[in-house]
Amino acid sequence: MQEKIDIEKKVEATLNSLDGLEKASPGPFFFTRLQVRLLKEQNNRWSSISSFITRPAVAIAGISFIILLNVAALFYQKEHKITAMLSDQNEITSTDDYNTTVSSNSYYDENTEAR
Amino acid sequence: MDERTLVEQLKSGDQAAFKTIVDTWQNMVYNTALGIMQHAEDAEDITQEVFSQVYQSIHGFKGDSKFSTWLYRITSSKALDHLRRSRRKKRFAFLTRLIGENNETMENPPDFHHPGVVLDNKEQAAVLFKAIEKLPDNQRIAFTLNKVEGLSYQEISEVMDTTVSSVESLLHRAKSNLRKWLKDFYRETIE
């Protein structure tokens, strides 16, 4: 019985052992250490970005994308040129037609005048 | 200078304001982290992480709660993350030891002695911290904030983003769990 009471007392004393606790503080020059950490983190961010970019998979994907864009642009330009050429040719043909009409008309006119 | 002005100055990139913030709240953050982690180096590491986050995400602080409440929130979540990581590591080390890949013996961490404990209570406080380690995470946070930081139930509810009655119930369960563990502990030491 006494043992049980002793245990109860010890438990209560242990639960109250943090009463009057003083606040702990980090070591001196904490702010300086923090500044060093912030600087390191900033450098790490840049180095992690550069290491991400220079990863073989990322680099290859990036270069392939740029090449693909170039090829697409080339095809688009080529197609654009062809359509432009076709429309130019159409224009030329229609002008030629007009010219032949004009020239045949003038021939006709000349002939009628001669008569 | 009041905290709102300090926060505004930090938002505009004032380094002096950041130093004042760190000087004002470093003990509070460190003491909380130490209470939860029970390891001085980890607590220092977490304190640095907390202020690093404050520096980088001060624009995320809208001022809906007190600045200290925001700091307590960051500290407790970072400490919990740290604890979970170290538990995972321990579990992994245990598994590799079972498999036989790692022949190192697992060492039990030494008793934690909080530097702010009254000298007469040193041994009992070490036993209590050992018992606190066994508590579930949210009970551990609530109990530490109450006993180590001396926060009221209302303040704890703001930090943990819950109701006062939930905090009461958390602390009640924490104390009864601790009582149970301590009783077993003292019974074993007597035997």
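Just so it is clear, the model here is predicted, and its values are computed rather than measured.

A separate point is the overall build of chain B. In terms of regular secondary structure, chain B is built from eight helices and zero strands. The proportion of buried residues among the 191 residues of chain B is 32%.

Okay, helix H3 (residues 40-56) of chain B next. A turn of α-helix holds 3.6 residues, and therefore any two residues three or four places apart point the same way. Between its terminal C-alpha atoms H3 of chain B stretches 24 Å, which fits the 24 Å expected from 17 residues at 1.5 Å a residue. The secondary structure elements touched by the buried residues of H3 of chain B are helix H2 (30-53) of chain A together with helix H2 (15-37) and helix H4 (67-99) of chain B.

Our focus in this paragraph is the interface of chain B and chain A. The interface of chain B with chain A comprises 34 residues on the first partner and 23 residues on the second. Of all the secondary-structure elements, those providing two or more residues to the side of chain B that touches chain A are H2, H3, helix H5 (122-132) and helix H8 (164-190) of chain B. Its residues placed into classes, the side of chain B that touches chain A shows 16 nonpolar, ten polar and eight charged.

It is worth spelling out the confidence of the model for chain B at this point. Residue and element names in this part refer to chain B. Counting all residues, the mean pLDDT for chain B is 91, and 95% of those residues have values of 70 or more. Looking at the elements of chain B, mean pLDDT is at its lowest for H4, recorded as 88, and at its highest for helix H7 (residues 153-159), recorded as 97. Overall fold confidence (pTM) sits at 0.74, and the ipTM for the predicted complex is 0.82.

At their nearest, the axes of helix H1 (residues 2-15) of chain A and H8 of chain B sit 9 Å apart, and the two run at 130° to each other. With respect to each other, H1 of chain A and H8 of chain B are oriented oblique. Handedness of the crossing formed by H1 of chain A with H8 of chain B: right-handed. Side by side, H1 of chain A and H8 of chain B meet where Glu 3, Ile 7, Lys 10, Val 11, Thr 14 and Leu 15 of chain A of the first sit next to Lys 175, Leu 178, Arg 179, Leu 182, Lys 183, Tyr 186, Arg 187 and Ile 190 of chain B of the second.

Over its 24 residues, H2 of chain A extends 35 Å from the first C-alpha to the last, a length consistent with the 34 Å expected when each residue adds 1.5 Å. The element H2 of chain A is barely covered by neighbouring structure, given that only one of its 24 residues are classed as buried.

Attention shifts here to the nonpolar core. All names here are of chain B. Within the largest apolar cluster, 46 residues are counted, with the highest numbers of intra-cluster contacts made by Ala 33, Met 37, Leu 128, Ala 142 and Leu 145. If you list the elements that add at least two residues to this core, you get H2, H3, H4, H5, helix H6 (137-147), H7 and H8. No other element matches the ten residues that H2 contributes to this core. Discounting residues that sit within four places of it in the chain, Ala 33 has contacts with Ala 43, Ile 46, Thr 47, Thr 75 and Ala 79.

Of note, Gly 62 of chain A is situated in helix H3 (residues 56-114). For the pair Gly 62 of chain A and Leu 39 of chain A, spaced 23 residues apart in sequence, the C-alpha separation works out to 30 Å.

Before going further, it helps to spend a moment on the environment of Phe 185 of chain B. Residue and element names in this part refer to chain B. Structurally, Phe 185 is set in helix H8. Here Phe 185 falls in the partly exposed class, since 17 other C-beta atoms lie within 10 Å of it. Placed 44 residues apart in sequence, Phe 185 and Ile 141 show a C-alpha to C-alpha distance of 22 Å.

The subject of this paragraph is unusual backbone geometry. Residue and element names in this part refer to chain B. In this structure, Gln 38 takes a positive phi of about 60° despite not being glycine. Note that Gln 38 resides in the loop between H2 and H3. Positioned with a positive phi, Asp 161 is a non-glycine residue whose angle comes to about 55°. Looking at where Asp 161 falls in the secondary structure, it is placed in the loop between H7 and H8. Accessibility expressed as a C-beta count within 10 Å gives 10 for Asp 161, which makes it exposed.

Reading the values: the criteria
- Starting afresh in each chain, residues are numbered from 1 along the sequence in its written order.
- Following the order in which they are written, the chains are lettered starting with A and the ligands numbered starting with 1.
- Given that the model is predicted, a residue must reach a pLDDT of at least 70 before its local features are reported, and side-chain atom pairs must reach 80 or more before they are shown or counted; all residues, however, enter totals for whole chains, interfaces and linings.
- Here a strand is any run of E in DSSP of at least two residues, a helix any run of H or I of at least four, and the numbering for each starts at the N terminus.
- Any residue surrounded by 20 or more other C-beta atoms within 10 Å of its C-beta is treated as buried, while 12 or fewer makes it exposed and the intermediate range makes it partly exposed; C-beta atoms here are placed from the backbone.
- One less than the residue count of a helix, multiplied by 1.5 Å, gives the span that helix is expected to have.
- For the purpose of contact definition, each residue receives a C-beta atom placed from its backbone, and two residues are in contact when these atoms lie within 7 Å.
- Three categories are distinguished: nonpolar for Ala, Val, Leu, Ile, Met, Phe, Trp, Tyr, Cys and Pro, charged for Asp, Glu, Lys and Arg, and polar for the others, with Gly belonging to the last.
- The pLDDT value tells you how sure the predictor is about a given residue, anywhere from 0 up to 100.
- Helix axes use the C-alpha atoms of the stretch in contact, all axes being lines fitted to C-alpha atoms, and the angles between their N-to-C directions lie in the range 0 to 180 degrees.
- Relative orientations are named as follows: roughly parallel for angles under 35 degrees, roughly antiparallel for angles over 145 degrees, roughly perpendicular for angles from 65 to 115 degrees, and oblique for any other angle.
- By definition, any crossing whose near helix is turned counterclockwise from its far helix by less than a right angle is left-handed, and any crossing with a clockwise turn is right-handed.
- We call a set of buried Ala, Val, Leu, Ile, Met, Phe, Trp, Tyr and Cys residues a nonpolar core when their C-beta atoms link them within 7 Å.

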